[in-house]
Amino acid sequence: MKSFRIRIVLGFTLLTALLSALVAAWVYQSSAELLRDDTDRLLRDRAYVLSKSVTPMAMRLQPWMEAFLETDKTGLRVQVVDPEGAVLTQSANLTEALPLSQQARDAATTNMSSFTETLRLKDGTMMRVTSVPVSTYRDSKSAVIGFAQVALPESVRHARLDSLMARLLGVVMASAVVAWLLANVLSKAWLRSVDAAAESAHRIGLGGTLRERLFVPKDEDEVARLARAFNELLDKLESAHGTQQRFLADASHELRTPLTVLRGEIEVALRRERPAEEYREVLESSREEIERLARLTENLLSLARSDAGEGLVTSESVDLAELCGRVCDSTSAAALEKRIHLVVDAPEPVFVNGDACALERVCLNLVENAIRYSPAGESVTLRAVTEDDEAVLSVSDTGPGIGPEHLPHLFERFYRVDKARSREHGGAGLGLAIVEALVKAHGGSVAVSSIVGRGTTFTVRLPLRA
Ligand SMILES: Nc1ncnc2c1ncn2[C@@H]1O[C@H](COP(=O)(O)OP(=O)(O)OP(=O)(O)O)[C@@H](O)[C@H]1O
Ligand SMILES: [Mg+2]
C-alpha cells in the first residue's frame, strides 16, 4: 500500500467502523438484557392479575379477562391449571397446553412466589412462561389450588432483537461510509501542501535551476518544517553550485593566461629565423610560464583533493619548531635574493598530529607570501609555540600590510588584493585557500591580522598531540 493518503483513509475508516461496531455490540447486549427484564416483568404482572381473578369456585378464564390481559394485542398466552398441571382454562390463542415444571411447583410450595422460565413446547416453540400459584385459605392455612400461567413466545423477543441488530448494522455501515468520505476530504486538504511541495521539488529537479524555492505554508506544522528544511538545502546547494561555477571559471581563466603568453612568445619566435641566443631566451621565458602552470595545476589538484576529503594521507607526530627550521632553509635563497631577513623563533619542540608534508605546505605558502609581498630589507619571523593547550604557528612580516576591506576575503579561492601586481609575482590567489583547507583538515584554524604600512601576521592554531 503505497499512498500515504490511502493509508490515512483506510485507517480512519477501519477505526471508525471498529469503534461503532463495539458501541453497537454494547447497545445490543444491554438492550437484550433490558428486553428480557421487561418481558419477565410483564409476564409476572399479568400472571398475578390472572391469579387474583380466578376463584376457587370458578377456576376459569372470564371473557373480559382476555380483553383485559390484551392477549390478542400483546400475543400473551394465558392458562390456569390445577396443582397437577391439568388445564382448567386457557386463552383462545393457546393451541397447546403450557407444561407446569417441577421448579414452578417447588417455588409455590416453598414460598408462594412466582417462577419464570423458558420452556420448549411439543411443537418446538420456545416460550417464556411465568407461573404464579393460586391459593386459598383452608383450615387457617393457605393451600395451592392451581397455577395461573402467562407465556410469550420467545420469537416475539427475537424478532425485536433482530430488527435492532439490523438497525445497528446499518448505523455501523453508515458511520464507516461517512468516515471514509470525511477521511477522503480531510486527507486531500491536509496533504494538498505535501502534494504542492512534491510538485515544485519535481519541477526544480526537471528545470535544472536551483533558484526556485518550495512554498512554505503559514501554519507551523510538519509540512512547513519539511519545506523550510528543503529550502535550506536548496540554499546550500545553490551557493555550493555558484562557488563551483566561479571556481571553474577562475581556474580556466588562470590556466588560459599563461597558455596565451606561451603561444604568443612561440609564435613571435617562429615568425623568422633567429640566432640561438634569442631562441634560448624564448625557451627560458616559456619555462617560467610552464612552471607557473605546473604550480597552478598542482594547487588546483590539492584543493580538489581537500574538497573531496582526501587531503590527509598520514597522521604522524610533527614538530612545528623543526618544521619552521626546514621551511626557513628552503626559502632562504628566495629571501636572500630579495634581501629579506628570515627569523625563526621556536625555542622548544611543539608536537602536533598530522601530515608532515601538508603542514610544511601550510608554512611554506605563508612564508612565500610574506617574502613575495614584502619589499626588500623587511624581515619575516616564523614562530612555533604552545599557547593555552594549543600549538600556534605564526608567520609575521614587516611588509606593506593588507587593507581591512580585503581581510574577510583573503582565504577565498583566486582572491588577490592587487590583481595586476600579484599576477606579476606569479600568484593565482590559491595559496591561502589551500592553507585554510589543510589547517581545517587538521582540526585547526587560521587567522590574519594586519596593519597597513606596518605588516601582516598569519596565525595557525592546531590541537596539540594527544
Ligand atoms: N604577507 C602578505 N602581505 C601582504 N599581502 C599578502 C600577504 N599574504 C597574502 N597577501 C595578499 O593576499 C592575496 C592572496 O594570497 P594567496 O597566497 O592566496 O595567493 P597568491 O599568493 O596571490 O597566489 P598563489 O599563492 O596561489 O601563488 C595575495 O594576492 C596578496 O595580495
Ligand atoms: Mg601565495
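Residues numbered from 1 in each chain as written. Chains lettered and ligands numbered in written order. Predicted model: local features only at pLDDT ≥ 70, side-chain atom pairs only at ≥ 80, totals over all residues. Heavy atoms only, no water.

S.K.: Help me out: how do you make sense of the domain arrangement of the protein chain in this one?
M.R.: It is common to give the size of an interface as the accessible area that goes away when the parts come together. Each assigned domain of the protein chain is listed with its residue range as follows: domain 1 (4–161), domain 2 (222–304) and domain 3 (311–463). A separation of 23 Å is found between the C-alpha centroids of domain 2 and domain 3. Here domain 2 meets domain 3 over a buried area of about 1200 Å², counting both sides, of which 54% is carbon and sulfur. Its salt-bridge partner being Glu254, residue Arg416 comes within 3.4 Å of it at the nearest N-O pair. (Domains from an automatic or database assignment. Buried area = accessible area lost by both parts, 1.4 Å probe. Salt bridge = Lys/Arg side-chain N within 4 Å of Asp/Glu carboxyl O.)

S.K.: Would you mind showing me how to read the site of ligand 1 here?
M.R.: Lining the immediate environment of ligand 1, one finds 21 residues, of which Arg295, Asn369, Tyr373, Gly429 and Leu432 sit closest. Asn369 has a polar side-chain atom sitting 2.7 Å from an oxygen atom of ligand 1. At 2.8 Å from an oxygen atom of ligand 1 is found a main-chain nitrogen or oxygen belonging to Gly429. Here ligand 1 has 600 Å² of accessible area as a free molecule, and 96% of this is covered by the chains. For the shell around ligand 1, the secondary structure elements donating two or more residues are α7 (276–307), α9 (356–373), α11 (431–441) and β12 (455–463). Counting residues per element, the shell around ligand 1 draws most heavily on α9, which supplies four residues. Along the lines of polarity and charge, the residues of the shell around ligand 1 split into 10 nonpolar, seven polar and four charged. (Near = heavy atom within 4 Å. Polar contact = N/O pair within 3.5 Å; in protein donor to acceptor, adjacent residues only side chain to side chain. Areas by Shrake-Rupley, 256 points an atom, 1.4 Å probe, with all protein chains shown as cover. Helix = DSSP H or I, 4+ residues; strand = E, 2+ residues; numbered from the N terminus. Nonpolar A, V, L, I, M, F, W, Y, C, P; charged D, E, K, R; others polar.)

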